[in-house]
Amino acid sequence: MEVVQSHRTSSSNNVTVSTLPLYRSAPPLEVRLEDFELFAMDRLRVLKGISDGLGRGKKPEEMEKLVADLWKANMRHPQANEEANKDIISHFVLRLVYCRTEELRKWFLSMETTLFRYRFRFESSEAQRALMSEFKLPYKAVSNAEFESVKDKLGQVARSMGQTLASADAIFYKVPFEEVPELVAGRRVFICKGHAYVAMNQVVSLVVTQFRSYLSKALILTNRKWTSTVREQEKDRLAPIVEALCTSYLGPDYSQPNEAGEISVKDIDHIAKTSFPLCMRHLFEKVREDHHLKHGGRMQLGLFLKGVGLKLDDALAFWKAEFAPKVSAERFDKEYAYNIRHNYGREGKRTDYTPYSCQKIISSTPGVGDHHGCPYRHFSEENLRAALVRMGVSSRAVEDVMDKVRNRHYQLACTLTFEAVHGSSCDAEWFCGIRRHFQASVGIVKYFALWAVPVPVPAH
Amino acid sequence: MTKEEAENGRDDMVIDGAEQANAIPDGFNANYLRIYYGKLFPHADMFKWMSYGNDGKHPACDKSYFGRREFSFTLENDIYIRFQSFNSVIELENSIKEKCPFKIDIGPVYSVDPAKRHAYAGDNVFTPVEREVVFDIDITDYDDVRYCCTGADVCLECWPLMTIAIKVIDAALRDDFGFNHILWVYSGRRGVHCWVCDGKARRLTNEQRAAIADYFRVYKGNENSHKKISLPGPVLHPFLARSYTEVLKGFFEAKLLPNQSLLSSEDRYEKILEMIPDASVASELRGRWQDNKRASMSKDDINLVRWDQLKSVLQSGKQKTQGIRRCVEEIVFSFTYPRLDMEVSKHMNHLLKAPFCVHPKTGRVCVPIDPNNCDEFDPTTVPTLSQLVEELNREGLRQDAENEWDRTSLGDSIKFFRTTFLQPLLKSCKEGIESSYNAKLQQSKNTLSWTRQGFFLTAFSPLAGKHHAWLI
């Protein structure tokens, strides 16, 4: 078994070696059960902090600092090798926690990759090169002679991106073009005879891609192994800890029953006006107006209501009453009740569906007659402004929100709206989960937010 | 010649009387096609090509390789059969002759014989493992910039758009991407296909193919945007710059501009003026051009005169914003730069028409095009099915049944296919098979850890390394 630490001590020349582990294989270490949980929670704080930062649209320089601070605050240990152990152990424990569903895996993969990316950037160039060779990346540093011959072209590529070629001894790597598909697709590298000339700062993305790809496969294997053998073996020891880690901490996992709060049908009206995010408010208003909603809207609003604590019987009553002017009770029972029950996991394959994450809502495609989706993305500018004004957002704040929308930071726009409406600054915590909010139970206004975890929205 | 005679084969093909020698009606039908598949279609060459050297005797040759390639046939009456596969050249040839498909498409090489795909359950067991990188350029995608024809028509005025597309893409495939075994084929009616057959290309993943397609993509936008090409940045990427200076600029100014009269009338020049982001610059030019009288003073083509005016205004030192200066290139690009069908290139399982098929609507054979001489290629003189059948008849009966194509207009195309494409490709494949075999032998001697070599690299996702137990 490859022990991750071995390469550190093998070099006798005392060259700077990397402290950044690649998590290729679990270390043969002994860990106390308490540390098992504690280490994982510390790392989870780091990952969550990264998630917040990304959700807030922080720029790369800000993220760099954030990652450094988070790491220092949570993962340090007086002894260097203990620190390394904590790093590795916490990663592997969290793999167990986050391997179970597609959504969890996506989140974990995203955060760990981001963490790796910024930690990689801190490393010295020798350390970076050492790491690259560990990934067995088929790169070769470009010799001075070759650099001279392609310097013009490299400069041209840099300038085409609005950059300048770094100093004369800029380090470039020659890599087969198929290893850097993103850079090729964006014409961000010079390619010649099948080789791409990759600048040092682009190398980071190379390495990160490898890291991501490896971790993605590893997570799926972990899940298989966990569900098939390990969970049963560990049902008295590790399994309870793993389950607790997942739910105690704002993971995007709503499969546990909502122990904190409930709302009833009579509450909805009031809460919709005070506390719903715009997307849900809009759906709610439409269902009141039209006494109907198409499927997409029923799903988005229905799962949200479930997530904020509306019980199944109340949900059935709510929808039945709303649809009553257009749909008879018998027809409702026949055509709509089944789906509602299905959402609550009482029918069919009995999946207890979780409310939609922001990412899902934003990337949906509402068509004619639909009212679901994210208003910050899907509404025209006029309609969005009107909706914001109706919510009581001041005109200054509306401009800020529209600015975020133009830059496609839809979740930030929503955050800003909240802050404008409630006059208080919004702790990203509030956006990270209903449960946390209910448990805190402070504040006059309850804001129901539905995001799994804010994740950067891919450009459309 | 009666239908009966045609169906009875060669012996009856002698025509009675010279006056019937040219009596073959134009067009496309199953009988001619049968003759074509019987005597002219290069079955053996296609087999050799698709085998990529695996039909040899070397121990490393994969006997199953050809049998794992998907072919699909479109029969008369639009009946479409997919997942055809063949284990030998005889099977391929017999099936084609028997079924007489109106169109033959070539798909990927799968991990298992496509005919047996249902026997394998689960994901990732029946999956494409190799496929050429392919491109499809269709002149109907250029309808908004050609005025001589629309839709499926093509003429010698607008065909050059295809020619320059070939030049731009071919140069990049060779110089930038390092590919060598590239086949360009006339699609039979209104476009061209490109097959990149290097081993490295065949083994690329969908993501990597998409990267190549995106590298070539410049045209974005839809009916709502006026300017569909945007070239940001103070300078162009070397690939775009080279394409511009070596191919596009010259073609636009010397040929397209005058031939399509892009600036001669108001509705035509408005389209170009719309692409200028600065309204005042556009109206300055508009003002000059609306006044027709002055233009007729010069004997030069009005389009060229106005283009010069446009360039001098946009590129004058007075223009501060780089967006304005760049506009000239953007206009040229938007008219001339290749417009690829992205979806064709991005997916391994995309089926593409086989070379040497006959296009049902035109009767023309899908012949190879020489990229080094593509200026000479004339789509209106490509041999047609009926022409070839007539040529065969004219030559009369022959004892020797081989190489009938050599007495027809198809001869040059097949010779070209063999000498410039097939032979170099097969030589390189043979070398590749031998060297990877030797390397593998070497490796197992050294008892290093396994590496996967050969042609199945993409079939089996590397379930990375061994999975270690991590329970402490």
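Summary of the structure given here. Here the structure is a predicted model, which means the values were calculated and not measured.

Glancing now at the overall build of chain A. Assigned secondary structure in chain A consists of 23 helices and four strands. Among the 460 residues that make up chain A, the fraction classed as buried is 50%. Put simply, 67% of the contacts in chain A that link residues at least 6 apart link residues at least 24 apart. Accessible area of chain A: about 21,800 Å², with a carbon and sulfur share of 50%.

All names here are of chain B. Locating D113 in the fold gives a position in the loop between β3 (103–110) and β4 (128–130). Only 2.6 Å separates the side chain of D113 from the side chain of S85, close enough to count as a polar contact. A polar contact is formed between the side chain of D113 and the backbone nitrogen of A115, at a distance of 2.9 Å. Beyond its immediate stretch of four places on either side in the chain, D113 contacts G67, R68, S85 and N87.

Below, the discussion takes up the packing of aromatic side chains. Residues and elements named next belong to chain B. By the definition in use, this model includes 48 aromatic pairs over all chains. Relative to F417, the ring of W49 lies with its centre 5.9 Å away and its plane at 70°, an arrangement referred to as edge-to-face. Of the two residues, W49 is situated in helix α3 (residues 43–51) and F417 in helix α16 (residues 410–445); the sequence distance between them amounts to 368 residues. F417 gets classed as buried once you look at its relative accessible area, which sits at 0%. Ring geometry for F83 against Y110: centres 6.2 Å apart, planes inclined by 50°, an arrangement best described as tilted.

Okay, the interface of chain B and chain A next. At the junction of the two partners, chain B supplies 34 residues and chain A supplies 38 residues. Between chain B and chain A, a total of about 3,100 Å² is buried, with carbon and sulfur atoms accounting for 67% of that surface. Scanning the region where chain B abuts chain A turns up two salt bridges. On the surface where chain B and chain A come into contact, there are 11 residue pairs in polar contact (both at pLDDT 80 or more). Those elements that provide at least two residues to the side of chain B that touches chain A are α5 (160–176), α7 (206–215) and α8 (238–259) of chain B. Per element, the largest residue contribution to the side of chain B that touches chain A is six residues, and it comes from α7 of chain B. The class makeup of the residues in the side of chain B that touches chain A is 21 nonpolar, six polar and seven charged.

So, how was this worked out
- Residues numbered from 1 in each chain as written.
- Chains lettered and ligands numbered in written order.
- Predicted model: local features only at pLDDT ≥ 70, side-chain atom pairs only at ≥ 80, totals over all residues.
- Heavy atoms only, no water.
- Helix = DSSP H or I, 4+ residues; strand = E, 2+ residues; numbered from the N terminus.
- Buried < 20%, exposed > 50% of the residue type's maximum accessible area, 1.4 Å probe, protein only.
- Contact = heavy atoms within 4.5 Å.
- Areas by Shrake-Rupley, 256 points an atom, 1.4 Å probe, with all protein chains shown as cover.
- Polar contact = N/O pair within 3.5 Å; in protein donor to acceptor, adjacent residues only side chain to side chain.
- Phe/Tyr/Trp six-rings, centres within 6.5 Å; stacked < 30°, edge-to-face > 60°.
- Buried area = accessible area lost by both parts, 1.4 Å probe.
- Salt bridge = Lys/Arg side-chain N within 4 Å of Asp/Glu carboxyl O.
- Nonpolar A, V, L, I, M, F, W, Y, C, P; charged D, E, K, R; others polar.

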